[in-house]
Amino acid sequence: MNPEEYEHHVADVLRAEGWAATVTRLSRDLGVDVLATRGERRLAVQAKMYGSSSTRVNAEQIMCLHGAAAYADCHESMLATDGQLTHEAELVAEKLGIEVRQIAADAARPTEQ
């Protein structure tokens, strides 16, 4: 699975949970990979597929997601990753109220209809 496929996988997971989820364009997405809505809730999601590397999500990436969510007029934001966060990133996410979800990169995505 490549990073673009991972974004679609994250959107699929959200759809299975009852969200209407749309993957944004691959480049120049301004830091939001998936926009999801459920009722009046609007969620900005950044997907980071780092599980197969030693790279960790850092605090700057969390701060950028916070700004990107505000710019996209979202009420909530979430970082979806199959990897790890630095300790500082965990602290920033907690303080800013950004949900961090571990979503495994799964090559067996359901087909889109």
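Scroll up a little and you will see the structure.
Residues numbered from 1 in each chain as written. Predicted model: local features only at pLDDT ≥ 70, side-chain atom pairs only at ≥ 80, totals over all residues. Heavy atoms only, no water.

Asker: Teacher, can you tell me more about the pattern of salt bridges here?
Answerer: Note that side chains of opposite charge can pair when their charged atoms are close. Evaluated as defined, the whole model comprises three salt bridges. Of the charged contacts in the structure, one is a salt bridge between Arg-15 and Asp-12, with a shortest N-O distance of 2.7 Å. Of this pair, Arg-15 and Asp-12 are both found in helix H1 (residues 3-16), three residues apart, which corresponds to roughly one turn of the helix. Residue Arg-15 is classed as partly exposed on the basis of its relative accessible area of 33%. Of the charged contacts, one joins Arg-41 and Glu-76 as a salt bridge, the two residues approaching to 2.6 Å between their closest N and O atoms. One end of the pair, Arg-41, is in strand S3 (residues 41-48); the other, Glu-76, is in strand S4 (residues 76-81), with 35 residues separating them in the sequence. (Salt bridge = Lys/Arg side-chain N within 4 Å of Asp/Glu carboxyl O. Helix = DSSP H or I, 4+ residues; strand = E, 2+ residues; numbered from the N terminus. Buried < 20%, exposed > 50% of the residue type's maximum accessible area, 1.4 Å probe, protein only.)

Asker: I keep staring at the sheet that holds strand S5 (residues 99-102) and nothing clicks. Help me out?
Answerer: Backbone-to-backbone hydrogen bonds pair the strands of a sheet. The strands run either parallel or antiparallel. Strands sit in the order S1-S2-S3-S4-S5 across an open sheet of five strands; the sheet is mixed. Edge positions in the open sheet fall to strand S1 (20-23) and S5, since each of these has one partner strand only. Across the sheet, the axes of successive neighbouring strands diverge by a mean angle of 25°, strand direction being ignored. With four bridges connecting them, S4 and S5 associate as parallel partners. Residue pairing for S5: Thr-81 is matched across the bridge by Gln-102. Lying over the sheet, helix H2 (residues 59-71) contacts S3 and S4, oriented at roughly 140° with respect to S4. (Pairing = 2+ DSSP bridges. Axes fitted to C-alpha atoms, helices over the stretch in contact; angles between N-to-C directions. Contact = heavy atoms within 4.5 Å.)

Asker: Please clarify how the environment of Glu-17 should be interpreted in this entry.
Answerer: Among the structural elements, Glu-17 can be located in the loop between H1 and S1. Residue Glu-17 is classed as partly exposed on the basis of its relative accessible area, which comes to 34%. Residues Glu-17 and Arg-38, spaced 21 residues apart in sequence, show a C-alpha to C-alpha distance of 9.7 Å. Residues within four places of Glu-17 in sequence aside, it is in contact with Arg-38 and Arg-101.

Any functional reading would require information beyond the geometric quantities listed.
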